[in-house]
Amino acid sequence: DVAYLRSVLPSTTEDAFFDYLATLDASEVTVTAVPEGSVVFARVPFLQVKGPLLVVQLLETTLLCLVSYASLVATNAARFRLLAGPDMKLMEIGLRRAQGPDGALSASKYSYIGGFDCTSNILAGKLYGIPVRGTIAHSFIMSFTSLEEVQPRVSLPPLAGGEPVDLPSLAERWLQRDFQGLLDTYCVRRSGLPNFCAVALALHQLGYRAIGVRLDSGDLAQQSKEIRQVLRACGAHFQVPWFETIPIAVSNDISEQSLEEFSREGSEINVIGVGTNLVTCPLQPSLGCVYKLVEVNGSPCLKLTEDEEKMTIPGTKTIYRLYDAAGHPFMDLMALEEEPSPSAGQELVVRVLGQLGETSKVVPTTVEPLHRMYFRDGQVCEPLPSLMEVRNHAQVSLSLLSPAHRQLHEPQPYPVAVTEKLHHLLTQLQQASQ
C-alpha cells in the first residue's frame, strides 16, 4: 500500500511521511456507537470516534461507506415491513438489480435486519445465515412443450465414493416440502391455476403438500382473491382442508405504493417478493451521513454556516433518549460529556434544534444513554451481536416508537434537543467566529 502511494503522490513528498504511514495503527482509537439496529434520527451522532487526528481522518471514508448504504437499506426494508404489517411474509429478491455483487450482499443482509423474512440470494444465506427462499422461472416452464419431454427415470453415476443419484426420487423429496407453482407464464385461469391444482391434488394423494403459488404479472390483488376462491372450492370438493390456505406469493416491481394498494383493495396475498424498489432505494437513493470534527486537543470546534441544519454541534457529547410514561421515546438529548446524566422524573430545561431561540421543559419517565463503547486500545471491547440479535433489536426499536412518529405519511417530527450548557457553548463559539 505504501509503495502504491509513493507511485501516485508527488515526487516531492518526503520519505518521512511514508515511514510514518507504515507505522499507523488504531491502538489509540476509541469508538462509541448506538447499538446496531437502533432507530436513529437526523442530527444525532450514532458514531463517535476519538484518536490521533490523522488516523481518525483516514477512517472517515471507510466508516461512512460501511454505515450509509447499510442504514439506508435497513430503513427502506423497515418501511416495507411497516406497510405490510407483521403477518405478511416479505422476501428480498433484488440480486439482479442491485449495485453489483457487494451491493447485493449488503442489501440482503440489511433488508433482513430491517424486517424482511428471507432472501433469494443463496450466498447471503451461506455467509449470514439468512433464510433462503425462491421459486421457479418462467423460462423453465417455457422450456417444456409436452409431457413426453420429461424422462420417467434418470440416474446419475456416483461421484467419487458416492451412491447413484435417482433424480425422480430427489425431485420427490423436494416436492414434499417445496412445490410452488408459477401460474402466469401463459394464462392463470386457463393454464397455470388448473394445472397447479391438478398436480397439487395428485401429489396430495401421494402424501406431498404444495407450499404455494406465485403470480408475477397483472392485477395481483384481484387475481389473488380469484385464486383463493378456486383453492377453497377445490379444498372443499376434494376434502383437502389445507388446500384452502395455500400461500399466494406475488412479485413484479413491488413498491410501497403497491403495498398500500393491496391494503386498500384487500387481497389474499401471503408472501411478497420485493427487488428493485428495495435494494436501489428509489425514493432516496443515498443517505447523507456525514463525519464532522467537533473537538481538537480538548478544544471544542464548530463548522459555522448560515444553514442551521448543516451547522455542527461542538464538543464531545453524550446522547440520551428520553421516554414518556407509555414507554415511547419522545426526544433525543445531546449533552456535553462532562455533564451529569439526567435522571428519570427530573425536570430538564432543553433547547430543541430548529427552535434554539426558546427553551422547553420536559420530564422523562425513563432515560437511556444511547452510546456504548465498542472499540478501545486497538481492540473490540464489547461482544458484537449476531445478525438475528440485531434484527430483533431493530424490530423492538421500531415498535417502541409512538404511532405519530412511526407513520410513513406526514409523521410528527421527532425532536432532538441540546442541554442549556451545550447551547451556551454553541452560542459562545458562534460569537467567537464572528
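If you're wondering where the values come from, they're calculated on a predicted model, not measured in any experiment. (Residues numbered from 1 in each chain as written. Predicted model: local features only at pLDDT ≥ 70, side-chain atom pairs only at ≥ 80, totals over all residues. Heavy atoms only, no water.)

1. A closer look at the sheet that holds strand β13 (residues 317–323)
Applied cut-off: Two strands qualify as a pair provided DSSP detects at least 2 bridges between them. In this description a helix means any DSSP run of H or I spanning at least four residues, a strand means any run of E spanning at least two, and both kinds are numbered starting from the N terminus. Axes here mean lines fitted to C-alpha atoms, for a helix over just the part in contact, with angles spanning 0 to 180 degrees between N-to-C directions. Here, residues are in contact when the closest pair of their heavy atoms is within 4.5 Å.
A sheet is described by the order of its strands in space; here six strands give the open sequence β16-β15-β20-β14-β13-β17, paired in mixed fashion. Of all strands in the sheet, those with a lone pairing partner are β16 (360–362) and β17 (366–369), marking the two edges. With strand direction ignored, the average angle separating the axes of adjacent strands in the sheet is 40 degrees. Against the sheet, helix α14 (residues 420–433) makes contact with β13, β14 (329–336), β15 (348–352) and β20 (416–419), and its axis sits at roughly 85 degrees relative to β20, the strand it touches most.

2. Overview of the sheet that holds strand β18 (residues 372–376)
A sheet is described by the order of its strands in space; here four strands give the open sequence β2-β1-β18-β19, paired in antiparallel fashion. Looking at the sheet topology across the chains shown, the edges are occupied by β2 (47–50) and β19 (379–380). The pairing of strand β1 (residues 30–33) with β2 spans four bridges and is antiparallel. Directly across from V31, in β2, lies its bridge partner V49.

3. Observations concerning the domain arrangement of the protein
What counts here: For the domains described, the bounds stem from an automatic or database domain assignment. Buried area adds together the accessible area that both of two parts lose upon being put together, with accessible area traced by a 1.4 Å probe. Each reported salt bridge corresponds to a side-chain nitrogen of Lys or Arg within 4 Å of a carboxyl oxygen of Asp or Glu. In protein, a polar contact means a hydrogen-donor-capable atom and an acceptor-capable atom, both N or O and within 3.5 Å, with residues adjacent in sequence counting only if both atoms are side-chain atoms; elsewhere, any N or O pair within 3.5 Å suffices. Note on residue classes: Ala, Val, Leu, Ile, Met, Phe, Trp, Tyr, Cys and Pro are nonpolar, Asp, Glu, Lys and Arg are charged, and everything else, Gly too, is polar.
According to the domain assignment, the protein contains domain 1 (22–45 + 294–432) and domain 2 (73–140 + 169–280). Computed over C-alpha atoms only, the centres of domain 1 and domain 2 are separated by 40 Å. On the domain 2 side, the residues contacting the 11 residues of domain 1 number 16 residues. With both sides pooled, the region where domain 1 packs onto domain 2 buries about 1100 Å², and carbon together with sulfur makes up 65% of that total. By the criterion of area lost to domain 2, the three top residues of domain 1 are L387, R391 and L408, representing 57% of everything that side buries. At the junction of domain 1 with domain 2, the criterion picks out one salt bridge. Notably, a salt bridge pairs R391 with D117, separated by 3.7 Å at the nearest N-O pair. Remark: the boundary between domain 1 and domain 2 carries six residue pairs in polar contact (both at pLDDT 80 or more). Ranked by residues supplied to the side of domain 1 that touches domain 2, first place goes to helix α12 (residues 387–400) with seven residues. Here the residues of the side of domain 1 that touches domain 2 are counted per class, giving six nonpolar, two polar and three charged.

4. Some remarks on the UniProt feature "domain: Nicotinate phosphoribosyltransferase C-terminal" (unreviewed entry) in the protein
The condition is simple: UniProt positions are given in the numbering used here, feature names are shortened, and annotations may be inferred rather than shown by experiment.
Sites flagged by UniProt as "domain: Nicotinate phosphoribosyltransferase C-terminal" (unreviewed entry) map to residues 317–425. Within the segment residues 317–425, helix and strand shares are 22% and 35% respectively, and the terminal C-alpha atoms sit 12 Å apart.

5. Details of unusual backbone geometry
What counts is decided by this rule: Think of it in three bands: residues with accessible area under 20% of the maximum for their type are buried, residues over 50% are exposed, and the middle band is partly exposed, with areas taken using a 1.4 Å probe on protein chains only.
Here the phi dihedral of R43 falls at roughly 80 degrees; this positive angle occurs in a residue that is not glycine. Its location among the elements puts R43 in the loop between β1 and β2. Judged by relative accessible area, which is 27%, R43 ranks as partly exposed. The phi dihedral of E410 is positive, around 50 degrees, even though this residue is not glycine. Relative to the helices and strands, E410 is located in the loop between α13 (403–406) and β20.

6. With respect to the pairing of β14
Buried residues dominate β14, accounting for eight of its eight residues. The antiparallel pairing of β13 with β14 creates a hairpin that spans five residues between the two strands, and G327 there sits at a positive phi of about 90 degrees. With three bridges connecting them, β14 and β20 associate as parallel partners. Bridge pairing links L333 to A417 in β20.

7. Concerning the nonpolar core
Inclusion rule: Here, the term nonpolar core denotes a set of buried Ala, Val, Leu, Ile, Met, Phe, Trp, Tyr and Cys residues that are joined through side-chain atoms within 4.5 Å.
Among the nonpolar cores identified, the biggest contains 51 residues, and F196, I227, F243 and I272 are the most heavily contacted of them. What I227 contacts, discounting residues up to four positions off in sequence, is L183, V188, L193, V213, L215 and I248. Ranked by size, the runner-up nonpolar core spans 23 residues in total, among them M311, L356, L422 and L426.

8. A short note on the packing of aromatic side chains
The line we're drawing: Stacked, tilted and edge-to-face are the three classes applied to pairs of Phe, Tyr and Trp rings, where Trp contributes its six-membered ring and a pair requires centres within 6.5 Å; stacked means planes under 30 degrees apart, edge-to-face means over 60, and tilted covers the rest.
What the rule picks out here adds up to six aromatic pairs. Considering the side-chain rings of F41 and Y414, the 3.7 Å spacing of their centres and the 10 degrees angle between planes classify their relative orientation as stacked. Taken together, the positions of F41 in the loop between β1 and β2 and Y414 in the loop between α13 and β20 put the pair 373 residues apart, joining distant regions of the chain. Judged by its relative accessible area of 12%, Y414 is buried.

9. Describing the pattern of salt bridges
Close approach of charged atoms allows side chains with opposite charge to pair. Under the defined criterion, the tally for this structure stands at 12 salt bridges. The salt bridge partner of E226 is R189, with a shortest N-O separation of 3.1 Å. Pair noted here: E226 is in helix α9 (residues 220–237) and R189 is in helix α8 (residues 188–205), with a separation of 37 residues, a long-range link. Between E420 and R351 there is a salt bridge; the shortest N-O distance is 2.5 Å. Of the two residues, E420 sits in helix α14 while R351 sits in strand β15, which places them 69 residues apart along the sequence. Note on E420: relative accessible area 33%, which makes it partly exposed. When its relative accessible area of 14% is taken as the criterion, R351 is described as buried. Through salt bridges with shared partners, a single ionic network connects R81, D117 and R391.

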